[in-house]
Number of protein chains: 2
Amino acid sequence: MPLKKNSNRLFEDVYDFIVNRINRGEWMAHEKLPSIRELAKELNVHRLTVFKAYQRLKEEKKVYVKDKSGYFIHPGSLEGFEHIESPIYTSRVQRSYLSEIHQIPVTYQFSQALIDPNLLPNHYFAEYVKKVFDLYPKVLGTYSTVQGDEELREALAHYFRKRHQLYVSANELIITSGAQQAINLISQALIKPRDTVLMERPTYSAAIDIFRHQGAAIIPVDVYPYGYDIEQVERNMKQYKPRLFYLNPTFHNPTGYTVPTEHRKKLVELAEHYQCLLVEDDPFHDIYFGHEPPSPLFRYDTGGYVIYIRSYSKYIAPGLRIALVASRQPLMKILLTIKSLSDNGTPLLNQKIFLHYFLSERMQQHLEKLRIALNIRKEIMEEAIASTGWEWSSPKGGLNLWVKLPDELSSQSLLSKCIERSISFVPGNICDPLNELDSWIRLSYSFVNERKLTKGIKELIEVYKTF
Amino acid sequence: MPLKKNSNRLFEDVYDFIVNRINRGEWMAHEKLPSIRELAKELNVHRLTVFKAYQRLKEEKKVYVKDKSGYFIHPGSLEGFEHIESPIYTSRVQRSYLSEIHQIPVTYQFSQALIDPNLLPNHYFAEYVKKVFDLYPKVLGTYSTVQGDEELREALAHYFRKRHQLYVSANELIITSGAQQAINLISQALIKPRDTVLMERPTYSAAIDIFRHQGAAIIPVDVYPYGYDIEQVERNMKQYKPRLFYLNPTFHNPTGYTVPTEHRKKLVELAEHYQCLLVEDDPFHDIYFGHEPPSPLFRYDTGGYVIYIRSYSKYIAPGLRIALVASRQPLMKILLTIKSLSDNGTPLLNQKIFLHYFLSERMQQHLEKLRIALNIRKEIMEEAIASTGWEWSSPKGGLNLWVKLPDELSSQSLLSKCIERSISFVPGNICDPLNELDSWIRLSYSFVNERKLTKGIKELIEVYKTF
């Protein structure tokens, strides 16, 4: 439906344009149309032409006029919508409720576990990027390999050996665009519909969406401040023969709990015995307050049963989206095939920027500062909710508080009220594979600054008191 | 299996390290082990320690020694491999043969349809990147939205209106990491196992892999220099009720053919009538020699039946991996859910760099030069094969020649011989959903320079003559 400027039927073209959009279901009943001025500008036609088209739509009761405020879609005009939907809406797509919460712009953002961009060394990043272009003048003209830049993988393998005593070779690493892509690749590579997957309860809600979308049956494993109920894990492995156990044992999301070393070793034994892969997601390893956390499970794995995901997306450079997956052969081959189908490799530029920044002294200094800043924010949040009677276990790292409200309170109702006051958080049920835990909430202390944090929590408590 | 330097059992640790790798199947029978010096360095132990471990492995017949050339894996040592494989290798993963060809480093690279990085304005790119950091100092600390940067989508929507008379709003665009991700998202969003998909024959081999991986049954549609056999298309739509038709109607990959406007219009009508979505992949639209190609099918679509993929990954900035999908609601909602599961959004940095480069005057100048350079390379390649008796239809755009060799010749056998001479191309069967067309080959003229092109084709013809 191109609009030809020299057409005699210009106003009819505009009319068709709008009708097509209505028929496609792009506008809902009672939704406001663009103003005459806006649409004239968008379509590059005279305002009078749009006015004429709107008048005809009004005559045909496709739109109605409300006071002086504009043109609105008439509910009766929404025919043909079902007709188009039918061939499309039959696939099994899970809606991600969390991303809807994240899309609501609020002043007091406690829902996204993101680092406040003001805590990142932005100016320093820019310097590094220039360095990368000097080193690799053709970086923008070059594809990465599917597995990821070899120089980066070599550097990371070296770093893991030195820093974590993790013996892994560059061939056992694959670079992904964020941890979410890593989880999705693993799910696509290993899960067939009706396969069983163990997941912590609560857990990272995007991971629930991913495994569910792949058709997995999810068996929950409870997490406690002291780790797992190992007998429950073994019972589940024995009974359900799960293909994998997705876990986040270090400053666990959302609870902040850390699984102790003896549980880690035991889990690897169980995995080997019951042939259940362990998918260890470890995005917060470097965000500790006080002591460093225990070594990853991956360190205790000799049989190739642990797949290790390490994301640097959150706290080094969110705009780069760099994460890695460490896995032994032959699993790596399958992951590479899926990565190749997915996007043929993470952009080379992002890998090269990350490489040089990651290896710099400055990065370690940045991390140290970041830990301090986040710990302060955590303590401010804990102080702000101290008098409420809510319960939580103070985390030793990570970005979130996992808070228990009184049993009778629904976190979802609380959230609805809060959003009206421009406050967001994650209601507990979203983090629960069973969709319960409704009297829990996850509060992220990483995104808003100290002043806003205090003010926002105060307002949240006010809303809470109205319940 | 961490190696502790103070352990008394250090040589046994090294031994275990190697045995674990053998058991994991990381080394094949008769594969060479790292040298004693290399492994000692990798594990940070004394060479004597590695030597002792290797001696024990030799005694146990896990490895054998060949002359003076080193230690090799004994075939009998590869037990336990199957044991580990079993829980892993049961998923339905298709191997991508093409990516294997691409991974072979050759001097005369005619297999990858990539632009020679020397033809891209690399220095100019670097300038733009600096500009981007001045404009958006926090770009590395910020996530993109799932749909893609709004500023970029607005700019692209405007560009499509002005340049192609395609009326599309920013809300109808989604930014992806390359066209491959776009095809994969569409496949995941719309295809269930055993759904039918129409594909051109031949076609883009990665797309075959993607739809097949999703479990689709593929029905081929022949392409000719004059377009499609429209009756065949209609017959297929009627009989197989395909969910979608994946097509590449402009400087088609691999043939270079362009489908004329009347076929485009007719296809859109058929799509609407038989409720078959058209997935129009259009990566070469701007790579024309002479006339501009006809408008995309997307322009003729009023019912929301065309999904339009436009990649800028190939010829603007391969290192950025930017492509877009244009689609009407409600399809967009599903694509966004899948994009959200896949990677939660393409990195913001890449989108901002692309935005500013794409809108620059320089980009248009670059494109004009690129077209001339590619046309010259095409003509050189055509001249070089003119005397062979091979058949092809000279393309008016794109990056490839699709060449018919004599019937009795197998392109796969020819490829094996060529790779020995450091020449690669794509054998026709890979581009064929039926895995036939074995006497055809795809030769890309975009990657190697004029001198190498002449030399490489000359060598290729020499190999051919030995058949």
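Being a predicted model, the structure only gives us computed values, none of them experimental.

A. Quick look at the nonpolar core. Within the largest apolar cluster, 262 residues are counted, with the highest numbers of intra-cluster contacts made by Phe-110, Phe-211 and Phe-245 of chain A together with Phe-110, Phe-211 and Phe-245 of chain B. Sequence-distant contacts of Phe-211 of chain B, that is, excluding residues within four places in its chain, are made with Ile-183, Ser-187, Ile-191, Val-197, Met-199, Ala-216, Ile-218, Leu-244 and Tyr-246 of chain B.

B. Main features of the domain arrangement of chain A. Residues and elements named next belong to chain A. Here chain A is described as being made up of domain 1 (10–85), domain 2 (97–119 + 363–465) and domain 3 (123–362). A C-alpha centroid distance of 25 Å is found between domain 2 and domain 3. Each partner contributes residues to the interface: domain 2 has 31 residues there, and domain 3 has 31 residues. Surface buried jointly by domain 2 and domain 3 totals about 2900 Å² across both partners, of which 60% is contributed by carbon and sulfur atoms. On the domain 2 side of the contact with domain 3, Met-363, Arg-371 and Pro-433 bury the most area, a combined 26% of that side's loss. Note that Arg-201 is salt-bridged to Asp-432, the shortest N-O span being 2.8 Å. Between the two partners, domain 2 and domain 3, sit 15 residue pairs in polar contact (both at pLDDT 80 or more). The set of elements that each furnish at least two residues to the side of domain 2 that touches domain 3 consists of α14 (361–384) and β12 (400–404). The element best represented in the side of domain 2 that touches domain 3 is α14, accounting for 10 residues. Partitioning the side of domain 2 that touches domain 3 into residue classes produces 17 nonpolar, eight polar and six charged.

C. Structural view of unusual backbone geometry. In this structure, the amide linkage connecting Arg-201 of chain B to the following residue, Pro-202 of chain B, adopts the cis form with an omega of 0 degrees. With respect to the helices and strands, the residue Pro-202 of chain B is situated in the loop between β5 (196–201) and α9 (205–213). In this structure, Pro-254 of chain B follows Asn-253 of chain B across a cis peptide bond, with omega equal to 10 degrees. Within the secondary structure, Pro-254 of chain B sits in the loop between β8 (244–247) and α11 (261–274). A positive phi is found at Arg-194 of chain A, a non-glycine position, where the angle reads about 75 degrees. Checked against the element boundaries, Arg-194 of chain A lands in the loop between α8 (178–190) and β5 (196–201). With relative accessibility at 71%, the residue Arg-194 of chain A sits in the exposed group. In the Ramachandran plot, Leu-437 of chain B falls in the positive-phi region, its phi being about 50 degrees despite a non-glycine side chain. You can see Leu-437 of chain B is positioned in the loop between β14 (426–427) and β15 (440–444).

Cut-off values and rules
Residues numbered from 1 in each chain as written. Chains lettered and ligands numbered in written order. Predicted model: local features only at pLDDT ≥ 70, side-chain atom pairs only at ≥ 80, totals over all residues. Heavy atoms only, no water. Core = buried A, V, L, I, M, F, W, Y, C linked by side-chain atoms within 4.5 Å. Buried < 20%, exposed > 50% of the residue type's maximum accessible area, 1.4 Å probe, protein only. Contact = heavy atoms within 4.5 Å. Domains from an automatic or database assignment. Buried area = accessible area lost by both parts, 1.4 Å probe. Salt bridge = Lys/Arg side-chain N within 4 Å of Asp/Glu carboxyl O. Polar contact = N/O pair within 3.5 Å; in protein donor to acceptor, adjacent residues only side chain to side chain. Helix = DSSP H or I, 4+ residues; strand = E, 2+ residues; numbered from the N terminus. Nonpolar A, V, L, I, M, F, W, Y, C, P; charged D, E, K, R; others polar.

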